[in-house]
Amino acid sequence: MRPFAYQRASSAREAVAMLAARPRARIIAGGTNLLDLMKLQIETPAHLVDVNGIGLDTIEPDGAGGLRLGALVRNTDLAAHDTIRRQYGVLTRALVAGASGQLRNRATTAGNLMQRTRCPYFYGSAMACNKREPGSGCDAREGASANLAILGTSAACIATHPSDMAVAMRALDAVVRVLGPAGERSIPIADFHRLPGATPEVETALQPGELITAVELPAPLGGTHVYRKVRERASYAFATVSVALIARIDGDRVAIERLAFGGLAAKPWRVEAAERRDFGTPEEIARDAATVALAGARPTDRNAYKIELAQRALHAALIDALEQNR
Amino acid sequence: MTRLDSPNTATRIVGRPIDRRDGPQKVTGSATYAYEKTGAGKALVGFFATATIGRGEIETIDTSAGEAMPGVRLIVTYRNAPQQAALDTGNRAFTTRARPILMGRRIHHFGHPIALVIAETYEQARDAARSVVATYTTEPGTFVYAEGHPVHQPELANAGFAGSTNLGDFETGFATAAFRVDQTYETLPHCAQPLEPHATLAHWEGETLHLTTSHQTLRYIQASLRTALGLAPENVVISAPFVGGGFGSKLAVHADLMGAAIGARMVGQPVKVCLTRQQMFSLVGMRPWHRQRVRLGADADGRLTAIGHEVLLYSNERDPFIEQTGIVTRSLYTGPNRMTRHRVTHLDLPNGEAVRAPGELPGLLAVETAMDELAEALDMDPVALRVLNDTTTDPESGAPLTGRTLTQCLRTGAERFGWSARLRQPRARRDGNWFVGMGVASAIRTHFQGATEVEVAVTPDRRIQVRSDITDIGTGSYTILAQVAAEVLGVDFSEVDVMLAHTRLPAGGGSGGSWGASNTTAALHQACLALLERAGLPAGPGLVRQTLAAHPAGLSARGSLPSMGNVPNWREKSRHTYGAHFVELAVHRLTGEIKVRRMLGVFSAGRILNPKTARSQLLGGMIWGLSAALREAAEIDPRRGNIVNGDLAEYLLPVHADVPDVDVMMLDEPDLEANPVGVKGVGELGACGSSAAFANALYNACGVRARSFPVHLSSLVPELG
């Protein structure tokens, strides 16, 4: 770990001022990802601004029927919140599918959005990675890519975003609130994570000096909420494919109100045109929706199976929705 | 008094599920491990910088930045490392080879040490290690086997087993068999990854080296250092009071120990070195990659007429380890025409080493999957097929098999598991969207015996003391030895102290190869009988008081056990442990997710000393089988030879949520033909065959026959249909 300066901010404004005053400054909240990356010298900030004392750790109604989730709300508390459980079930289910109890106790709402890829080539310092070292190349593309992205990839990068929470938030049309030197602004979650293009090191729409203050959830949608995560072991593994689904049920038939996939791209993957609002059998709906949502997939030799698995996971999620509703 | 050299299992203390003695210390953190030990003053900390190429030479190495960093005392590279003897490739025992470090420019594998930084603190050493800059002349390496690579057929496999065996006429027997299976199975490398990393604290007193280390067998260290550093064994004093798991990975000397030893000599101060979790993937040997061809021929009734088992594996030519994988078929089933063969190919990877159940784990995965394929070809029940081919004499040597209980394990297990409910047709049983299936596999493991001496004493402070250099690697050595001494001497369990894991104590074979308990309890039993004889007293609660009345300074006696090579006519019997594994699992019909529902292992390992500690080892082994079949593999990047998933986030071991309740049953039958007190080992038996039971259950559930392990969604999903 390289030496770094450390400061505690007491308010969001102070944190933004500290960020602005220091080059190569990073915010630290739960630290569950950043500290590991610093020990490996993948992240080498010169300054850390600790935001754990700035408040922003409550969940409040936003006055328009939705909720405002403070940036510092811990994942455990968010998942356990009564309104989240009852009216945004897909979010609770996604959160508890991620990481481990210990990590969720520490990890924050904003930090979860900001976590970096688990692509093994990003971690291996001897391997080429454009995200870690822009311009060095991508060893993952011809390497062990079985769990890497199939959608929205570029020649420069095939990493996935590891968050489960973000996938549910994408299905819910969340909005990320940020505070920067120029004041406050909103970023729809659809625009928050960036596809790699030629600059995979740029992962979010945050501008230098900006701090996430909250995530806003619009009014609840109702429906049946499912988060189905398919992975190589039952816990403490990142998604091979995950499905955030809000379904409507009519007897044995289902329709898709909202659908986003995780584990397939550098951002939660939602194609609004794939949301089939006509009722059908799970199999039909899954086939139709997956065909639209996964169009343009460009897998490697080793992860082409993810296309079929994504459709199957959606099919299974639609069956789960039916069963959940019985 | 209860003697243990009889079939009697109606014992007072032996055979009871007594809690392990060191449990409270371990769960409260008061058990101190090698890296936490102090003594002889403040220790400096060593940290390795490692190579980032797979094969080649160091061209330049620049340590100047690190040398200028705070707290850094010394950076050792090939330029200033003290002379150490070269690795003795010809030594057949991988456990005692010299393993010099930093002795030249040559890079033999990715992650090879290039520098050792010694600093005041861990963080300083780690930082400085990262600042070391090396340039390399890179050579093309061979990191993955491909057809056409050179292979050779070794005379011997690990542990002295013959590389090849033949009986009858295999080729004709197989060609003329009514039913045939001819399949090839592939397994990826495994890394042992014990919870406690490899760590050593070293300091010198004159010419004497003192080591506190995490190791399974202290005498192997002395042998290795005798070659590497020219140190007489009496000048190497080693202590390893607590060891947080070994699984074979702490039998040989590794870079932590050599780094601490040479570092402490160079700086004239204690030095400790701990491998990081990531370094444990390349600085500790792994279970090699294997490709096994199994051919089984049977007559129309299912009797095996031909058994062929050919093993191709990688073995580093510089530091060979030829896993004894082909031996599993030699004593498993009857059949007149037989052939086993090992073939070896070199790869530029870290050397192979023992990883729990070396030989049996990959070997039985292949052979017991093939047996399932044969049962299917015969349309025969897989338990019945195995029982039909059981034998009471060793099929290769003709020697009687001692304690042969394979059929008993299979039948007892089938009954307990409810095997009769299994449907023979795959996909026949559904539970909602899950296919449900059952699988079975046999377990067998060779029983070894090593030279062991143990001392037992009545001490002036009115205690019984057991003294042995055996380690307790989490297995329960402290506990079972106290049980045996209390049993034989007729005293209370609480009156016995157990001193272990120090080179000043009587020498034995250590913990490894599942022989620690059998070796040490047999020698201890003899020592206890000798103590009673010397005291001229009967066993009983008054023993300590009466002994001290006659011998106020205390009294001790020794017992010993010869190595199997020194037992006359050892080869006239064939000694093994046995078991049967049963698994029920479910496969999601759409996503291919696998949920293990039930596991049962029925085991026969002679006298069971402590069913609690034995169960813990057996069920741990069964979970290793789950891991080998469904989860675990080191992924080698064929371009550079690095392990891509070299940390515990990406090297997937089963988590609790993957493992259901595990049922372990032990047949407690002393095998006095195998061991004087009837004890055989349980450390590896649980991991023998269990992985095949998972593979067979997977097939029975969903009809997908796995022959490449571990099973991954990428291979399973496309076959689900």
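That block above? That's the structure.
Now for a quick tour of the structure. (Residues numbered from 1 in each chain as written. Chains lettered and ligands numbered in written order. Predicted model: local features only at pLDDT ≥ 70, side-chain atom pairs only at ≥ 80, totals over all residues. Heavy atoms only, no water.)

### Notes on the overall build of chain B
(1) Moving on: Along chain B, the regular secondary structure elements total 15 helices and 27 strands.
(2) Moving on: Relative to its length of 721 residues, chain B is compact, with a C-alpha radius of gyration of 26 Å against a globular reference of 27 Å.
(3) Moving on: Its C-alpha atoms give chain B principal-axis dimensions of about 75 × 75 × 50 Å.
(4) Moving on: Split into buried and exposed, the 721 residues of chain B put 64% on the buried side.
(5) Moving on: Put simply, of all contacts in chain B between residues at least 6 apart along the chain, 82% involve residues at least 24 apart.
(6) Moving on: Accessible area of chain B: about 24,400 Å², with a carbon and sulfur share of 50%.
(7) Moving on: Across chain B, the centroid of the 69 positively charged side chains sits 2 Å from that of the 71 negatively charged ones. (Helix = DSSP H or I, 4+ residues; strand = E, 2+ residues; numbered from the N terminus. Rg over C-alpha atoms; globule rule 2.2 N^0.38 Å. Buried < 20%, exposed > 50% of the residue type's maximum accessible area, 1.4 Å probe, protein only. Contact = heavy atoms within 4.5 Å. Areas by Shrake-Rupley, 256 points an atom, 1.4 Å probe, with all protein chains shown as cover. Lys, Arg positive; Asp, Glu negative; His and termini not counted. Charge placed at Lys NZ, Arg CZ, Asp CG, Glu CD.)

### Focus: the overall build of chain A
(1) Moving on: Helix and strand counts for chain A come out as twelve helices and eleven strands.
(2) Moving on: Relative to a compact globule of 326 residues, whose C-alpha radius of gyration would be 20 Å, chain A shows 19 Å and is just as compact.
(3) Moving on: Across chain A, contacts joining residues at least 24 apart in sequence account for 62% of those joining residues at least 6 apart.

### Considerations on the environment of Pro654 of chain B
Residues and elements named next belong to chain B.
(1) Moving on: As for its placement among the helices and strands, Pro654 is situated in the loop between helix H13 (611–630) and strand S26 (662–667).
(2) Moving on: Sequence spacing of Pro654 and Gly542 is 112 residues, and the spatial spacing of their C-alpha atoms is 50 Å.
(3) Moving on: For Pro654, the residues in contact, after removing those within four places along its chain, are Ile623, Leu626, Ser627, Arg631 and Val659.

### Overview of the sheet that holds strand S11 (residues 253–262) of chain A
Residues and elements named next belong to chain A.
(1) Moving on: Strand order in the open sheet formed by three strands is S9-S10-S11, with antiparallel pairing between adjacent strands. The open sheet terminates on both sides in strands that have one partner only, identified here as strand S9 (224–230) and S11. Across this sheet, the average inter-strand angle for adjacent strands is 25°, counted without regard to direction.
(2) Moving on: Direction of pairing for S9 relative to strand S10 (residues 241–250): antiparallel, over a ladder of seven bridges. Counterpart to Tyr227 in the pairing with S10 is Ala244. (Pairing = 2+ DSSP bridges. Axes fitted to C-alpha atoms, helices over the stretch in contact; angles between N-to-C directions.)

### Observations regarding the sheet that holds strand S12 (residues 236–239) of chain B
All names here are of chain B.
(1) Moving on: The strand order S3-S5-S1-S13-S10-S11-S12 describes an open sheet built from seven strands, whose pairing is mixed. With partners counted over all chains shown, the strands left at the sheet margins are strand S3 (72–76) and S12, one partner each. Adjacent strand axes in the sheet meet at a mean angle of 25° when their direction is disregarded.
(2) Moving on: Pairing between strand S11 (residues 208–213) and S12: four bridges, direction parallel. Bridge pairing in S12 places His210 opposite Val237.

### Quick word on the packing of aromatic side chains
Residues and elements named next belong to chain B.
(1) Moving on: Tallied over the full model, the rule gives twelve aromatic pairs over all chains.
(2) Moving on: Plain terms: the ring middles of Tyr145 and Trp289 are 5.4 Å apart, the flat faces sit at 25° to each other, and that makes the pair stacked. Taken together, the residues Tyr145 in the loop between strand S6 (133–138) and strand S7 (151–152) and Trp289 in the loop between strand S13 (271–274) and strand S14 (290–298) connect sequence positions 144 residues apart. Summarising the burial analysis for this pair, Tyr145 and Trp289 share the class buried.
(3) Moving on: Grouping aromatic residues by their ring pairs yields a cluster made of Tyr33, Phe242 and Tyr478.
(4) Moving on: Over the face of the ring belonging to Trp204 we find Arg265, whose NZ or CZ atom lies 3.9 Å from the ring centre.
(5) Moving on: Over the face of the ring belonging to Tyr35 we find Lys272, whose NZ or CZ atom lies 4.3 Å from the ring centre. (Phe/Tyr/Trp six-rings, centres within 6.5 Å; stacked < 30°, edge-to-face > 60°. Lys NZ or Arg CZ within 6 Å of the ring centre and 35° of its normal.)

### Observations regarding unusual backbone geometry
(1) Moving on: Cis geometry marks the peptide bond from Phe709 of chain B to Pro710 of chain B; its omega dihedral reads 0°.
(2) Moving on: With a phi close to 60°, Asp173 of chain A is a non-glycine residue in the positive phi region.
(3) Moving on: A positive phi angle is found at Leu102 of chain B, which is not glycine, with a value near 55°.
(4) Moving on: By the secondary structure assignment, Leu102 of chain B is in the loop between S3 and strand S4 (106–107).
(5) Moving on: Its relative accessible area of 6% is what places Leu102 of chain B among the buried residues.

### Quick word on the interface of chain A and chain B
A common measure of how large an interface is: the accessible area buried when the components associate.
(1) Moving on: Every contact between the two is made by 37 residues of chain A and, on the other side, 37 residues of chain B.
(2) Moving on: Summed over both sides, the interface between chain A and chain B buries roughly 3,000 Å², with carbon and sulfur atoms accounting for 53% of that surface.
(3) Moving on: When residues of chain A are sorted by the area they lose upon contact with chain B, Glu232, Arg233 and Arg312 of chain A head the list and together hold 25% of the total.
(4) Moving on: We note a salt bridge from Asp139 of chain A to Arg639 of chain B, for which the minimum N-O separation is 3.8 Å.
(5) Moving on: At the junction of chain A with chain B, the criterion picks out 16 residue pairs in polar contact (both at pLDDT 80 or more).
(6) Moving on: Going through the elements one at a time, helix H8 (120–123), S9 and helix H12 (305–325) of chain A are the ones with two or more residues in the side of chain A that touches chain B.
(7) Moving on: Its residues assigned to classes, the side of chain A that touches chain B comprises 18 nonpolar, five polar and 14 charged. (Buried area = accessible area lost by both parts, 1.4 Å probe. Salt bridge = Lys/Arg side-chain N within 4 Å of Asp/Glu carboxyl O. Polar contact = N/O pair within 3.5 Å; in protein donor to acceptor, adjacent residues only side chain to side chain. Nonpolar A, V, L, I, M, F, W, Y, C, P; charged D, E, K, R; others polar.)

### Looking at the pairing of strand S25 (residues 594–604) of chain B
Residues and elements named next belong to chain B.
(1) Moving on: With eight of eleven residues buried, S25 lies mostly within the body of the structure.
(2) Moving on: As paired strands, strand S24 (residues 574–588) and S25 are joined by ten bridges and run antiparallel to one another. When the bridges of S25 are listed, Ala586 appears paired with Lys595.
(3) Moving on: Taken together, S25, H13 and S26 constitute a β-α-β crossover, and its handedness is right-handed. (Right-handed = clockwise from strand over helix to strand, strands pointing away.)

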